[in-house]
Amino acid sequence: MKYTDTKNAPAAIGPYSQAISVGNLLFTSGQIPLDPQTGAVVGEDISSQAHQVMKNLGAVLEANGIGYGDVVKTTCFLSDMKYFGDFNTVYAQYFTGKPARSCVAVKELPKNVLCEVELIAQLD
């Protein structure tokens, strides 16, 4: 197993790592819309927060020498399904390869953010 630790994505806010690779697969922890430098929540609306989440995931992917096109599965968490359409608009800008996906609404997310995404990607 190899652990990912990049300063270009937010540090874990609990007892977990940004990502772990096993064999040729990378498993990320959920990313929320935190600024990697300050740890502050970025944006107040779903679009702004979703863009930051995607940037954070992109930094974890890049730290492993891969990109969004290598993602095979995502799991998306929304604080409310009313955000589904706007979230999809942002999501589609990053995941153009259309990986498999689950998207659910949850009661609450860390720091009361509006979205969180985790993924599985294939390493080269």
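One structure accompanies this document, and this report is about it. (Residues numbered from 1 in each chain as written. Predicted model: local features only at pLDDT ≥ 70, side-chain atom pairs only at ≥ 80, totals over all residues. Heavy atoms only, no water.)

What follows concerns unusual backbone geometry. Unlike most non-glycine residues, K98 shows phi in positive territory, near 50 degrees. Relative to the assigned elements, K98 resides in the loop between helix 2 (84-94) and strand 5 (100-105). You can call K98 exposed: its relative accessible area is 72%. Even without a glycine there, the phi angle at K111 is positive, about 60 degrees. Note that K111 resides in the loop between strand 5 and strand 6 (115-122). Since its relative accessible area comes to 47%, K111 is described here as partly exposed. (Helix = DSSP H or I, 4+ residues; strand = E, 2+ residues; numbered from the N terminus. Buried < 20%, exposed > 50% of the residue type's maximum accessible area, 1.4 Å probe, protein only.)

Attention shifts here to the nonpolar core. Counting 28 residues, the largest nonpolar core has M54, F87 and F95 as the members making the most contacts within it. The element best represented in this core is helix 1 (residues 46-63), accounting for eight residues. Every residue in contact with F87, bar those within four places of it in the chain, is listed here: I46, A50, M54, C76, L78, R101, C115 and V117. Among the nonpolar cores identified, the runner-up in size contains five residues, and I32, L34, F77 and V113 belong to it. (Core = buried A, V, L, I, M, F, W, Y, C linked by side-chain atoms within 4.5 Å. Contact = heavy atoms within 4.5 Å.)

Glancing now at the packing of aromatic side chains. Taken as a whole and assessed by the stated rule, the structure comprises four aromatic pairs. On the numbers, 5.5 Å between centres and 90 degrees between planes, the contact of Y68 with F95 is edge-to-face. A residue pair is termed long-range when its members are at least 10 positions apart, and Y68 in the loop between helix 1 and strand 4 (71-78) and F95 in the loop between helix 2 and strand 5 qualify at 27 residues. When the ring of Y91 is compared with that of F95, the centres are 4.6 Å apart and the planes differ by 35 degrees; the resulting orientation is tilted. Judged by its relative accessible area of 3%, F95 falls in the buried class. One aromatic cluster is present, built from ring pairs that chain together Y68, F87, Y91, Y94 and F95. Across the ring face of Y91, the terminal group of R101 is positioned such that the distance to the ring centre comes to 4.6 Å. (Phe/Tyr/Trp six-rings, centres within 6.5 Å; stacked < 30°, edge-to-face > 60°. Lys NZ or Arg CZ within 6 Å of the ring centre and 35° of its normal.)

Only one face of strand 2 (residues 19-22) is buried, namely the one carrying A19 and S21, since none of I20 and V22 on the opposite face is buried. Both strand 1 (residues 2-4) and strand 2 contribute to a ladder of three bridges, which runs antiparallel. Residue pairing across strands places K2 opposite S21, the latter belonging to strand 2. Of the pairings in the sheet, the one linking strand 2 to strand 3 (residues 25-28) comprises four bridges and is antiparallel in character. The partner of I20 across the bridge, within strand 3, is F27. Linkage of strand 2 to strand 3, two consecutive antiparallel strands, is achieved through a turn of two residues, within which G23 is found at a positive phi near 60 degrees. (Pairing = 2+ DSSP bridges.)

Below, the discussion takes up helix 2. Along an α-helix, residues three or four positions apart point the same way, because every turn accommodates 3.6 residues. All of the buried residues along helix 2 are F87, V90, Y91 and Y94. Seen from one end, helix 2 has its buried residues packed into an arc of 100 degrees, which puts them on one side. Considering only its buried residues, helix 2 is in contact with helix 1, strand 4, strand 5 and strand 6. (Arc of directions from axis to C-beta.)

A few words on the side chain of Q18. If you trace the backbone, Q18 turns up in the loop between strand 1 and strand 2. A polar contact of 2.7 Å, which involves the side chain of Q18, links it to the backbone nitrogen of T6. A polar contact of 2.9 Å, which involves the side chain of Q18, links it to the backbone oxygen of P10. When residues no more than four places from it in sequence are discounted, the contact partners of Q18 are T4, D5, T6, A9, P10, A11, T28, S29 and V60. (Polar contact = N/O pair within 3.5 Å; in protein donor to acceptor, adjacent residues only side chain to side chain.)

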